[in-house]
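# Overview (structure and organization)
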Number of protein chains: 2
Amino acid sequence: MDNAVEPLAGSHVPASERREFAKEPVSAIRTRIRRGAFADQTGGLAPGMLQGNLAILPASYAQDFSTYCQRNPKPCPLVGVSDRGDPMMRTLGADIDIRTDVPLYNIYRDGELAGQSRDIRDLWQDDFVAFVLGCSYSFDAALQAGGLPLRHLEVGRTPSVFVTNVPTVPAGPFGGGLVVSMRPFSVPNAVRAIEVTARYPNAHGTPVHFGDPAAIGIADMDRPDWGGPIDVLPGEVPVFWACGVTPQVAIRQARPPICITHAPGCMLITDIEA
Amino acid sequence: MDNAVEPLAGSHVPASERREFAKEPVSAIRTRIRRGAFADQTGGLAPGMLQGNLAILPASYAQDFSTYCQRNPKPCPLVGVSDRGDPMMRTLGADIDIRTDVPLYNIYRDGELAGQSRDIRDLWQDDFVAFVLGCSYSFDAALQAGGLPLRHLEVGRTPSVFVTNVPTVPAGPFGGGLVVSMRPFSVPNAVRAIEVTARYPNAHGTPVHFGDPAAIGIADMDRPDWGGPIDVLPGEVPVFWACGVTPQVAIRQARPPICITHAPGCMLITDIEA
């Protein structure tokens, strides 16, 4: 998922040390991650560089998952795909080994979370295909650069994330409800936020909805499915963007024998400028 | 390929009859095509509707081709993918049967053109996956709507199309040179053309080059690889867009046992607004 908070098996890195990290070049940060020395959320690290959600699947599921992403580009913007069995993400950087360069991995078996690890070299299969999908860290940074206040960052949280009743377009065994993240804005700022995020089709692009949460099947804004509640103040409207948790819901529905994703918030940091 | 001219096994439809067609609703045009009654180029038909290039491949080649498209979005903008073995393009229209609804098909065996047909029901395999890619008909219409003169239409031709020395990013067996189409513009119109085509990422988007043809390996503008020569007048610059012939070059390089594409210019007309 993009950046919703769940308990992590990774180490929590103190804010002071994280601030030091954030200044390092991408290659140094990835080396630290590769050594297993950083297993925490990557938000704010390597500003300006594209970060991505990860899904690794056996080849027999890969074409259906590719089709699922093509049919659902807002929640699933494909930014990189590995060659079958090749762990190097050659189109995303000079030296990205997808088996070691994500801080923390979730390992799903038959669609159920079966474990976490900082390194999946022992699990790698010759038929694995790795998919990297754009995440909302990029557009959060762009919204901030555009002068738009982000409440979840102001209160030190991640956005509220909800499963909606809006179906995604299925492909093979993949399908399920669209997952969205919510950010509250004044109406003029909501307009501006739509304008800014339109420039980031690889990071979920424009919102899928604003206003009445019930219109997309959200019963209670105070009880998000992931992350904590975020206040919507008088005069503000909630704005909902497609979220990178969506493919994880689809993968749980597909129940592949094995699937490996990043742990929530612990993204792949690429060499691509966001 | 997008709209370069090659000799067709299809019937050439007189301009007067074509003008009648163009007014029909999409479903009526596709019914006519499905019956085998129209096997000609589709440019100008069903204005405003998305038309697409076609590539049908066996499943064992599908994931590599999906990855090739992801890595080369300008020449290969995926707009629709079928489910394996399902000939209905469910995300592109209410009733599109990809075995009958393209005016004329090219059939490649081991990468070589082996025949043409108006109907491929006898060739359909349970493991086929059909890929539809955006084509430049959409942005030619947008350029015209934006008041930009298109020389190739003024002289009743298709754009000049060239193989460049710019390599595409390979994926599995797919690779080869980028193919481009050329349109000449005055400098202010070239700027405007870039602005307009930026809004059509699913129809090759912004140009890949303007100016010196030699910079992308084009030795002689009077000898295009497909289509006829198009004059570049004094004060004009040639502007080069990625072209939908590119994946056909990649498919020839991959040499799959069978691959079926549209015949040049004879596109799938979808129910999607361009």
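Residues numbered from 1 in each chain as written. Chains lettered and ligands numbered in written order. Predicted model: local features only at pLDDT ≥ 70, side-chain atom pairs only at ≥ 80, totals over all residues.

### Remarks on unusual backbone geometry
Residues and elements named next belong to chain B. Rules: Under the DSSP-based scheme used, a helix requires at least four consecutive residues in state H or I and a strand at least two consecutive residues in state E, with every element numbered from the N terminus. Labels follow a simple rule on C-beta atoms placed from the backbone: if 20 or more others lie within 10 Å of a residue's own, it is buried; if 12 or fewer, it is exposed; otherwise it is partly exposed.
The phi torsion at D110 lies on the positive side, around 55 degrees, for a residue other than glycine. Within the secondary structure, D110 is located in the loop between β3 (105-109) and β4 (112-117). Notably, H204 is not glycine yet its phi reads approximately 80 degrees, a positive angle. For H204, a count of 28 C-beta atoms within 10 Å translates into the label buried.

### Topic: the interface of chain A and chain B
Defined as follows: Residues are scored as being in contact if the C-beta atoms we place from backbone atoms lie within 7 Å. Each residue gets one label: Ala, Val, Leu, Ile, Met, Phe, Trp, Tyr, Cys and Pro are nonpolar, Asp, Glu, Lys and Arg are charged, and the others, such as Gly, are polar.
Contacts between chain A and chain B engage 16 residues on the former and 16 residues on the latter. Sorting the residues of the side of chain A that touches chain B by element identifies α3 (59-71) and β2 (78-81) of chain A as the ones contributing at least two each. If one sorts the elements of the side of chain A that touches chain B by residue count, α3 of chain A sits on top with seven residues. Looking at the side of chain A that touches chain B residue by residue, the classes come out as seven nonpolar, six polar and three charged.

### A closer look at the relation of the copies chain A and chain B
Note: a rotation about an axis with an accompanying shift along it relates these two copies of the chain. To keep it simple, the criterion reads: Copies are brought into register by a least-squares superposition over C-alpha atoms of residues with pLDDT of at least 70 in both.
After a rotation of 180 degrees and a shift along the axis of 0.0 Å, chain A superposes on chain B with an RMSD of 0.0 Å. When the rotation and shift are considered jointly, the pair of chain copies conforms to a two-fold rotation axis. Relative to the rotation axis, the closest C-alpha in chain A is found at Q63 of chain A, a distance of 2.5 Å. Same-surface contact between copies: 100% of interface residues of chain A are shared with the interface of chain B.

### Focus on the sheet that holds strand β7 (residues 177-186) of chain A
All names here are of chain A. Going by this rule: In this analysis, strands are considered paired if DSSP registers two or more bridges between them. An axis is simply a line fitted to the C-alpha atoms; with a helix, the fit covers only the stretch in contact. Between two such axes, the angle follows the N-to-C directions and lies from 0 to 180 degrees.
Here we have four strands laid out as an open sheet, ordered β6-β7-β9-β8, and antiparallel in their pairing. Edge positions in the sheet fall to β6 (160-167) and β8 (209-210), since each of these pairs with one other strand and no more. Each of β7, β8 and β9 (236-242) touches helix α6 (residues 187-197); the most contacted strand, β7, lies at about 130 degrees to it. Strand contacts of helix α7 (residues 246-254): β6, β7 and β9, with the helix running at about 160 degrees to β7, the strand carrying the most contacts.

### A look at the domain arrangement of chain A
Quoted interface sizes are often the accessible area lost when the parts come together. Residue and element names in this part refer to chain A. Rules: Where each domain begins and ends is defined by an automated method or by a domain database.
As assigned here, chain A comprises domain 1 (15-134 + 254-273) and domain 2 (138-247). On a C-alpha basis, the centroid separation for the pair domain 1 and domain 2 is 22 Å. With 20 residues of domain 1 at the interface, the matching set in domain 2 holds 22 residues. Listed by contribution, the elements that provide at least two residues to the side of domain 1 that touches domain 2 are β1 (49-58), α3 and β5 (128-134). Per-element accounting of the side of domain 1 that touches domain 2 gives the leading share, five residues, to α3.

### Quick notes on the confidence of the model for chain A
All names here are of chain A. Heads up, the condition is: Per-residue confidence from the prediction method is given by pLDDT, with values spanning 0 to 100.
Overall, the predicted model of chain A reaches an average pLDDT of 91, with 96% of residues at or above 70. Of the regions scoring below 50 in pLDDT, residues 1-8 engages in 34 contacts with residues more than four places distant in sequence or in other chains. As a predicted assembly, this complex carries a pTM of 0.87 together with an ipTM value of 0.81.

### Concerning the packing of α3 of chain A against helix α3 (residues 59-71) of chain B
Defined as follows: Each angle gets one of four labels, with under 35 degrees taken as roughly parallel, over 145 as roughly antiparallel, 65 to 115 as roughly perpendicular, and the rest as oblique. In this scheme the handedness of a crossing depends on how the near helix is turned from the far one: anticlockwise by less than a right angle means left-handed, clockwise means right-handed.
Orientation of α3 of chain A relative to α3 of chain B, taken along the N-to-C sense of each, is 55 degrees, at an axis distance of 9 Å. In this view, α3 of chain A runs oblique relative to α3 of chain B, as classed from their interaxial angle. Crossing geometry of α3 of chain A relative to α3 of chain B is assigned as left-handed. Contacts between α3 of chain A and α3 of chain B involve A59, A62, Q63 and S66 of chain A from the first element and A59, A62, Q63 and S66 of chain B from the second.

### Some details on the environment of Y108 of chain B
Residue and element names in this part refer to chain B. With respect to the helices and strands, the residue Y108 is situated in strand β3. When the C-alpha atoms of Y108 and R252 are compared, they prove to be 8.2 Å apart, with 144 residues separating the residues in sequence. Non-local contacts of Y108, meaning those with residues more than four positions away in its chain, are made with L113, A114, I251, C259 and T261.

### Overview of the nonpolar core
Basically, it comes down to this: Put simply, a nonpolar core is a cluster of buried Ala, Val, Leu, Ile, Met, Phe, Trp, Tyr and Cys residues tied together by C-beta atoms within 7 Å.
I56, F65, A130, F131, V132, V179 and V180 of chain B are the most contacted members of the largest nonpolar core, which totals 76 residues. Each of two domains, domain 1 (15-137 + 250-273) and domain 2 (138-247) of chain B, supplies a minimum of three residues to this core. If you look at the next biggest cluster of nonpolar residues, it comprises 75 residues, including L50, Y68, V79 and A203 of chain A.

### A word on the sheet that holds strand β6 (residues 160-167) of chain B
All names here are of chain B. Taken in spatial order, the four strands make up an open sheet running β6-β7-β9-β8, and their pairing is antiparallel. A strand with exactly one partner marks an edge of an open sheet, and here the two such strands are β6 and β8 (209-210). In the sheet, strand β7 (residues 177-186) pairs with strand β9 (residues 236-242) via seven bridges, with the strands oriented antiparallel. Each bridged residue has a counterpart across the sheet, and for S181 the counterpart in β9 is W241. The strands that helix α6 (residues 187-197) touches are β7, β8 and β9; relative to β7, the one it contacts most, it runs at about 130 degrees.

### Here's the deal with helix α4 (residues 137-145) of chain A
Residue and element names in this part refer to chain A. Where α4 is concerned, the buried positions are Y137, S138, F139, D140, A141 and L143. Those residues of α4 that are buried are in contact with β1, β5 and α6. G147 occupies a position one or two residues after α4 and carries a positive phi of about 85 degrees.

### As for the environment of T168 of chain A
Residues and elements named next belong to chain A. Looking at where T168 falls in the secondary structure, it is placed in the loop between β6 and β7. Taking the C-beta count within 10 Å as the criterion, T168 has 24 such neighbours and is therefore assigned buried. Excluding anything up to four places from it in sequence, T168 contacts N72, P75, G175, G176, L178, T246 and A250.

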